[in-house]
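So you can see what is in the structure, the chains are spelled out below.
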Amino acid sequence: MKKLNNVLIFLCSLAAVCFCIRDLNVGSYDRILGDVTVPFVLLIPRIMGKIFKIKITSAMELVYVLFIILAQFLGSVVNLYNKIWWYDLFAHFLSGILTSVLSLVVLNWFGVYNRKNKWFNFLFIISFTLMIASIWEFMEFGTDTFFGMNVQHSIETGVRDTMEDMLVAFLGSLIVSISYLVENKVAKNGFLKRVVSDLK
């Protein structure tokens, strides 16, 4: 799994460098910051692990890397947010699924994935996803406030864009949460459990 993470980080970083060179050549200087920060952002789990001496599992790193590829690289660097009208909603929906899988990894990490009280885990999955979605929106708000950008599209939509992003992330999380409840009722080692265990 770590090899897969290394390959994804390398390829995405290389592609970001290529986009940076292209943007320099065509004079799109406003896009360069997004390009050059991709490699650094992809390595944040490893950097944090070194600094704070905490173990980041390969599963946690994979979910994080996929999210950054989806949101920052494909969305911002490749600019799919502006090229495909529904990509932002799609990205936030998938982020809800990915962060829910990450929450399952956390539950498995602490040994409570198979606890008898499944409803606590159900609420934890949704709460974890909404927490990550909120932090992401805080970051977008900070970008708009301090750099004069319009990432949240608040000028055109007010709070609509932010609320839609939160809503589709919630729906993605709800799918995983319900799947978790159903799976634990019918099979002890269902698909989600195998995914979480195999990713460790």
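In short, a report on the structure. (Residues numbered from 1 in each chain as written. Predicted model: local features only at pLDDT ≥ 70, side-chain atom pairs only at ≥ 80, totals over all residues. Heavy atoms only, no water.)

### Topic: the packing of aromatic side chains
Working step 1: Inspection of the entire model under this criterion finds nine aromatic pairs.
Working step 2: Between the aromatic rings of Trp86 and Phe90, the centroid separation amounts to 5.8 Å while the plane-to-plane angle is 90°, which identifies the pairing as edge-to-face.
Working step 3: Exposure remark for Trp86: the relative accessible area of 38% places this residue in the partly exposed category.
Working step 4: Relative to Phe90, the ring of Tyr87 lies with its centre 6.0 Å away and its plane at 50°, an arrangement referred to as tilted. With Tyr87 and Phe90 both in helix H6 (residues 87–109) and three residues apart, the pair spans about one turn of that helix.
Working step 5: A residue is classified by how much of its surface remains accessible, and Tyr87, at 4% relative accessible area, is buried.
Working step 6: An aromatic cluster is defined as three or more aromatic residues linked by ring pairs; in this entry it consists of Tyr81, Trp86, Tyr87 and Phe90. (Phe/Tyr/Trp six-rings, centres within 6.5 Å; stacked < 30°, edge-to-face > 60°. Buried < 20%, exposed > 50% of the residue type's maximum accessible area, 1.4 Å probe, protein only. Helix = DSSP H or I, 4+ residues; strand = E, 2+ residues; numbered from the N terminus.)

### Observations regarding helix H4 (residues 58–77)
Working step 1: Between its first and last C-alpha, H4 extends only 25 Å over 20 residues, short of the 28 Å set by a 1.5 Å rise per residue.
Working step 2: Maximal helix bending in H4 amounts to about 30°, located at Ile69.
Working step 3: Burial runs high along H4: 16 of the 20 residues are buried. (Expected span 1.5 Å × (residues − 1). Bend = angle between axes of the 7 residues up to and from the residue.)

### Remarks on the packing of helix H2 (residues 32–42) against helix H3 (residues 44–52)
Working step 1: Where H2 contacts H3, the axes come no closer than 5 Å and their chain directions differ by 45°. As far as their axial angle goes, H3 and H2 are oblique. Residues Phe40, Val41 and Leu42 of H2 form the contact with H3, whose own contacting residues are Ile44, Pro45 and Ile47.
Working step 2: Broken down by class, the residue content of the contact of H2 with H3 amounts to six nonpolar, no polar and no charged. (Axes fitted to C-alpha atoms, helices over the stretch in contact; angles between N-to-C directions. Parallel < 35°, antiparallel > 145°, perpendicular 65-115°, else oblique. Contact = heavy atoms within 4.5 Å. Nonpolar A, V, L, I, M, F, W, Y, C, P; charged D, E, K, R; others polar.)

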